[in-house]
Amino acid sequence: MTTPQVTAWPLEPGLLSEGPRWDDERRELLWVDILGRCVHRATLTRGGGPDRVRTTAVDRPVGAAAPVAGGGYVLAADQGFLYVGEDGSIRELAQPVAGHVGVRMNDGACDPQGRFWAGTMAYDESPGAGTLYRLELDGRCSTVLTGLTISNGLGWSPDGATMYLSDSGAGSVEAFDFHGDTGGISGRRTLVRIDRPGTAPDGLTVDERGDIWVGIYGGWAINRYGPDGSLRATVEMPVAQVTSCAFGGHDRRTLFVTTGRERLDDAALERQPDAGRGARGPGCAPYRGRVPASGRAL
């Protein structure tokens, strides 16, 4: 067990904070509140705390966000993908889940080539109802993988040859051979399986050595796994619902962690008042694809 210093940011807790991403170009941390329907961006003080925090409200649950090269942000929200301009305007991109009642977009991330990936889940967490989608550089949307339950954390090895995906419903972290030229995946294998009742692998990040850091939802911890799936360390957290993590900050040595407080009663919140707050690793890859100059504004 390792016990590094864990500090809670003095911000209003989110209902289900998720998807921290460090934007190295803009020097800001990006994260979402899925149930709170908003996207947050924060610059940092020299001490690593939040400085200027800007929030964009969205009219639907938002599962993930990523910066766009050249300006703005792309979101995985409710039934598909949105683009948020620097002025806060929001426009719809592809909507692959349109008409799928009871299903929403969940976590997502950009691959090294700049495509934006995000998966879905059913609100009732029905097995097999999740699908993984890829927003292409030309703005089209491709279906990559079906039969997931809660498509969650995504990450890539430092050499870009392996993609990792958490399926929280199945309690597993999957690994795939990744083909960067096409965005294709193959050679699926289960890297990690968590069978403890009430816990599940959630969001993840990969450090520059290739270790995979996984938030353990319901487990009060972040686990660090080697590329072979071996457990190398556990970072204990003061809250149960650890949703995701990302390296960032001025030297990229701070691990930023998001957490949730959904379904926690007053007694549980009293035991973990920081629920819902938000090694060295790279900043996130931006989306490098086409975004609309005009279109349906929300």
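Residues numbered from 1 in each chain as written. Predicted model: local features only at pLDDT ≥ 70, side-chain atom pairs only at ≥ 80, totals over all residues. Heavy atoms only, no water.

Participant: Quick question: what am I supposed to make of the pairing of strand β20 (residues 231–236) here?
Facilitator: For a regular strand, side-chain orientation follows a simple rule: the groups alternate between the two sheet faces. Bridge count for strand β19 (residues 221–225) against β20 is 5 bridges, and the pairing is antiparallel. The residue of β20 that forms the bridge with Arg224 is Ala233. Where β19 folds back on β20, the antiparallel hairpin that results is connected by 5 residues, among which Gly229 adopts a positive phi of roughly 90°. (Pairing = 2+ DSSP bridges. Helix = DSSP H or I, 4+ residues; strand = E, 2+ residues; numbered from the N terminus.)

Participant: Is there a simple way to think about unusual backbone geometry in this case?
Facilitator: Note on backbone geometry: most residues besides glycine have negative phi, and most peptide bonds are trans. Residue Glu125 is not a glycine yet carries a positive backbone phi of 60°. Mapped onto the elements of the fold, Glu125 is located in the loop between β10 (116–122) and β11 (130–135). For Glu125, a relative accessible area of 37% corresponds to the partly exposed category. You will see that Trp220, though not glycine, has its phi angle at about 55°, which is positive. (Buried < 20%, exposed > 50% of the residue type's maximum accessible area, 1.4 Å probe, protein only.)

Participant: Help me out: how do you make sense of the sheet that holds strand β7 (residues 80–84) in this one?
Facilitator: The strands making up a sheet associate through backbone hydrogen bonding, with each pair oriented either parallel or antiparallel. Spatially, the 4 strands line up as an open sheet ordered β5-β6-β7-β8, and their pairing is antiparallel. Here the strands that pair on one side only, and so sit at the sheet edges, are β5 (62–67) and β8 (90–92). With strand direction ignored, the average angle separating the axes of adjacent strands in the sheet is 25°. Where strand β6 (residues 73–77) meets β7, 5 bridges bridge the pair, whose relative direction is antiparallel. Residue pairing for β7: Leu75 is matched across the bridge by Leu82. (Axes fitted to C-alpha atoms, helices over the stretch in contact; angles between N-to-C directions.)

Participant: It is not clear to me how the pairing of strand β15 (residues 172–179) should be interpreted in this structure. Could you clarify?
Facilitator: Burial analysis of β15 places 6 of its 8 residues in the buried class, which makes it a mostly covered element. Examined bridge by bridge, strand β14 (residues 162–167) and β15 share 6 bridges and lie antiparallel to one another. Looking at β15, one finds that Tyr164 is bridged to Ala175. In sequence, β14 turns back onto β15 through a hairpin of 4 residues, with Gly171 there showing a positive phi of about 70°. From the end of β15 to the start of strand β16 (residues 184–193), which pair antiparallel, there are 4 residues, and Gly183 there has a positive phi angle of about 80°.

Participant: Looking at this structure, how should I read the pattern of salt bridges?
Facilitator: Note that side chains of opposite charge can pair when their charged atoms are close. Applying the stated criterion to the full structure yields 17 salt bridges. Put simply, Arg21 and Asp107 hold a salt bridge, and the shortest N to O gap is 3.5 Å. Taken as a pair, Arg21 in strand β1 (residues 17–23) and Asp107 in strand β9 (residues 103–110) lie far apart in primary sequence, 86 residues in all. Each member of the pair, Arg21 as well as Asp107, carries the same accessibility label: buried. Residues Glu174 and Arg188 are paired through a salt bridge, measuring 3.1 Å at the closest nitrogen-oxygen approach. Taken together, the residues Glu174 in strand β15 and Arg188 in strand β16 connect sequence positions 14 residues apart. Among the residues examined, Glu174 registers a relative accessible area of 5% and is labelled buried. For Arg188, a relative accessible area of 44% puts it in the partly exposed group. Here the salt bridges do not stand alone but share partners, grouping Arg209, Asp211, Arg224 and Arg232 into one network. (Salt bridge = Lys/Arg side-chain N within 4 Å of Asp/Glu carboxyl O.)

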